[in-house]
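# Understanding the architecture of this molecule
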Amino acid sequence: MTSVRSVLQVENIRKSFGDKKILKGLSLSVEKGEVKVIIGPSGGGKSTLLQCINFLVVPDEGEVWLEGKKINHAKKRELYAYRQQVGMIFQDFNLFDHLNALENVQIGLVRVKKLHKTEARERALAELQRVGLADHVLQYPAQLSGGQKQRVSIARALAMDPKVMLLDEPTSALDPELIGEVHAVIKDLVANGMTMLMATHQIGFASVLADEIIFMEDGYIVEQGPPAKILQQAECARTKEFCAKITSPSADS
Amino acid sequence: MEELFYIQNEVLPNLLQGLWISILLIVPSASMGLLIGILVGALRVYSSGLVAVLANLYVALFRGIPLVVQLFIWYFGLPYFGIYFSPYAASVVGFSLCSGAYHSEYIRGALQSIKKGQTLAAQALGFTKLEMLRSIILPQALRRALPGCGNEIIYLIKYSSLAYMVTCIELTGKGKILAAHSFKYTEVFLIVGAFYLALVSVASLLLRHLENRLSLPGFELHKA
């Protein structure tokens, strides 16, 4: 399991909320430049897993390693330093509502990375340009479309120079016609070698980008492998059933 | 004619003096009250254990006991324990602590109205808790709390008139002395009332101006 090249490694993560076991001992690793996509039914623990990885939800058990270094999340300083290196994209964007697009991207650089304001501003502008929002830098979240908000949130994460990005259903809250612009930005990241772990229901998109697809249900990893195998020749009956449903022409993708 | 002369030469100068004392009571009390309110409000939302219990106890006490009684305790009660406050200091302390208790309720409500996603996003970027509170949560919460806190400041302007009960002779105190001397209760207190109305009007205008200045897309007042 241990790999020298693995950027992110997760071992035996368990999490319960009350009596309800959400994650029942999950392990996975993502290597440099690799894209892994998690699929599976809603409520299967995808979001919780991603939030456990950067300790937004503290797992009951399990270990997380970044570039071979085990993260001790009880040490605040270590936790904050680790989170800076892990970019997180949320389903509902979570832009800071009181800041415009530029300030949203800039604030982490100023307050967390302690960059000088002019330097942070330049970097933020560059990132916003990269996601195609150079013309919207002074707009507030309330004035942006869903697709634009998600692109700002990607720029915000990128500005921190993350070693790996966690994407939690980045297009699930978007109108179908806005999904394309966010997908284009994610594709561009992958083309530039970003390491990623992404949960999504967009199976067509996943199959193009993913090096490996992980099928997760009921707190377990049921099966994982290259997209062609998981989507067409899955070993496990449950994976087959799920993939047949979401890849059938009637499915909304 | 003689009456007008009396009002011009005796009443107005004295009341203006009182008004000045009132302003000297209100401005520091409002500022400190707001600071206490922010601190206590944040502690009530984000702390746990003994600190949270103490913060809640503070609010229960200072909202639960009549302000006049609090002022009497500060001014007449504490000397019993060897602590002496001037009338002015006792009033400012009393007003600040009472006002802070009310402010903390508005702040608490505003803090709780901030969506969880805002904290998640800040944490995911590596913000420390304090930094997150300072640059993400409070700027949003204070905008939401502003109408309530403004209300409390307007209240404070009026309950500052209780200071004369502990011999800090401000606007109302001056009015009472003048009226008792001249028996012109109606005239004197009409003027006193007009002065308070003017103070409150100016404060309302300033607060409205502040609200407009801090208004952002997504945080504006929605006019139905």
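Before going into details, it helps to say that this report is about the structure given with it. (Residues numbered from 1 in each chain as written. Chains lettered and ligands numbered in written order. Predicted model: local features only at pLDDT ≥ 70, side-chain atom pairs only at ≥ 80, totals over all residues.)

## Looking at the overall build of chain B
Selection rule: A run of DSSP states H or I qualifies as a helix once it reaches four residues; a run of E qualifies as a strand once it reaches two. Both are numbered from the N-terminal end. Note on burial: count the other C-beta atoms lying within 10 Å of the residue's C-beta; 20 or more is buried, 12 or fewer is exposed, in between is partly exposed, and C-beta positions come from the backbone.
Looking only at helices and strands, chain B has 8 helices and 0 strands in total. Along the chain direction, N to C, the helices and strands of chain B fall in the order α-α-α-α-α-α-α-α. Its C-alpha atoms give chain B principal-axis dimensions of about 75 × 50 × 25 Å. Per-residue burial over chain B gives 36% buried out of 224 residues.

## With respect to the overall build of chain A
Filter applied, for reference: Our radius of gyration looks at C-alpha atoms and nothing else; its globule reference is 2.2 Å times the residue count to the power 0.38. In this description, a residue-residue contact is defined by the distance between C-beta atoms placed from the backbone, which must lie within 7 Å.
From N to C terminus, chain A includes 9 helices and 10 strands. Computed over the C-alpha atoms, the radius of gyration of chain A is 18 Å, within 12% of the 18 Å expected from 2.2 N^0.38 for a compact globule of 253 residues. Across its three principal directions, the C-alpha atoms of chain A cover 55 × 45 × 35 Å. Taken across its 253 residues, chain A has 47% of its residues classed as buried. The long-range fraction of contacts in chain A, counting pairs at least 24 apart against all pairs at least 6 apart in sequence, stands at 65%.

## A look at the sheet that holds strand β6 (residues 86–89) of chain A
Strand pairing in a sheet takes place through backbone hydrogen bonds and is either antiparallel or parallel in direction. All names here are of chain A. Short version of the rule: A pair of strands is treated as paired once DSSP finds two or more bridges between them. Only the stretch in contact is used when fitting a helix axis, every axis being a line fitted to C-alpha atoms; angles between N-to-C directions are given from 0 to 180 degrees.
Read from one edge to the other, the open sheet built from 6 strands follows the order β6-β7-β8-β3-β9-β10, with strand pairing classed as mixed. This sheet does not close on itself; its edge strands, each paired only once, are β6 and β10 (220–225). Taking each pair of neighbouring strands and ignoring which way they run, the sheet shows an average axis angle of 15°. Across 4 bridges, the pairing between strand β3 (residues 35–39) and strand β8 (residues 196–199) is parallel. Across the sheet, the residue bridging to V37 is M198, located in β8.

## A word on the interface of chain A and chain B
Put simply, the test is: The residue classification treats Ala, Val, Leu, Ile, Met, Phe, Trp, Tyr, Cys and Pro as nonpolar and Asp, Glu, Lys and Arg as charged. All others, Gly included, are polar.
The interface is formed by 22 residues belonging to chain A together with 20 residues belonging to chain B. Among the elements of the structure, α2 (76–84) and α3 (101–111) of chain A are those that each provide at least two residues to the side of chain A that touches chain B. For the side of chain A that touches chain B, the element with the highest residue contribution is α2(A), accounting for 4 residues. Here the residues of the side of chain A that touches chain B are counted per class, giving 12 nonpolar, 6 polar and 4 charged.

## Brief notes about the sheet that holds strand β5 (residues 69–70) of chain A
Residue and element names in this part refer to chain A. The 4 strands are arranged β2-β1-β4-β5 in an open sheet whose pairing can be described as antiparallel. Each end of this open sheet is capped by a strand with a single partner; those strands are β2 (20–31) and β5. Here strand β1 (residues 6–17) pairs with strand β4 (residues 61–66) via 5 bridges, running antiparallel. Paired with R14 across the bridge in β4 is E61.

## Here's the deal with the packing of helix α1 (residues 2–46) of chain B against helix α7 (residues 171–182) of chain B
Residues and elements named next belong to chain B. As a reminder, the rule being used: An angle below 35 degrees is treated as roughly parallel, one above 145 as roughly antiparallel, one from 65 to 115 as roughly perpendicular, and anything else as oblique. Here a crossing is taken to be left-handed if its near helix is turned anticlockwise relative to the far helix by less than a right angle, and right-handed if that turn runs clockwise.
Between α1 and α7, the shortest axis-to-axis distance is 7 Å and the interhelical angle comes to 155°. As judged from the angle between their axes, α1 and α7 are roughly antiparallel. Considering the relative orientation of α1 and α7, their crossing is right-handed. Taking contact as the criterion, the partners of Y6, E10, V11, N14, L15, Q17, G18, L19 and S22 in α1 are, on α7, L171, G173, K174, G175, L178 and S182. Of the residues assigned to the contact of α1 with α7, the class counts are 6 nonpolar, 7 polar and 2 charged.

## What to know about helix α1 (residues 46–53) of chain A
All names here are of chain A. Counting buried positions over the 8 residues of α1 gives 7, a clear majority of the element. When we look at burial in α1, the residues that qualify are K46, T48, L49, L50, Q51, C52 and I53. In the stretch just after α1, F55 is the one whose phi turns positive, near 65°.

## Considerations on α3(A)
Of all 11 residues making up α3(A), 9 are buried, and the element is well covered by its neighbours. Restricting attention to buried positions, one finds in α3(A) the residues A:A101, A:L102, A:N104, A:V105, A:Q106, A:I107, A:G108, A:L109 and A:R111. Those residues of α3(A) that are buried are in contact with α4 (117–130) and α5 (146–158) of chain A together with α6 (129–159) of chain B.

## Comments concerning the pairing of β10(A)
Consecutive residues of a regular strand have side chains that alternate between opposite faces of the sheet. All names here are of chain A. Alignment of strand β9 (residues 212–217) against β10, held across 5 bridges, turns out to be antiparallel. Looking at the pairing, I213 lines up with G225 of β10. Between β9 and β10, which pair antiparallel in sequence order, lie 2 residues; one of them, D218, sits at a positive phi of approximately 60°.

## Regarding unusual backbone geometry
At A:F93, a position not held by glycine, the phi torsion is positive, near 70°. Within the secondary structure, A:F93 is located in the loop between β6 and α3. Phi at B:T167 takes a positive value of approximately 65°, unusual for a residue other than glycine. Mapped onto the fold, B:T167 is located in the loop between α6 and α7.

## Observations concerning the packing of α1(B) against helix α8 (residues 185–214) of chain B
All names here are of chain B. Interhelical geometry of α1 versus α8 gives an angle of 40° and a closest axis separation of 11 Å. On the basis of the axis angle, α1 is oblique to α8. Here the hand of the crossing between α1 and α8 comes out right-handed. Across the interface between the two elements, I7, V11, L15 and L19 from α1 touch E187, V188, I191, V192 and F195 from α8. Residue composition of the contact of α1 with α8, grouped by class: 8 nonpolar, no polar and 1 charged.

All we've got here are geometric facts, nothing functional implied.
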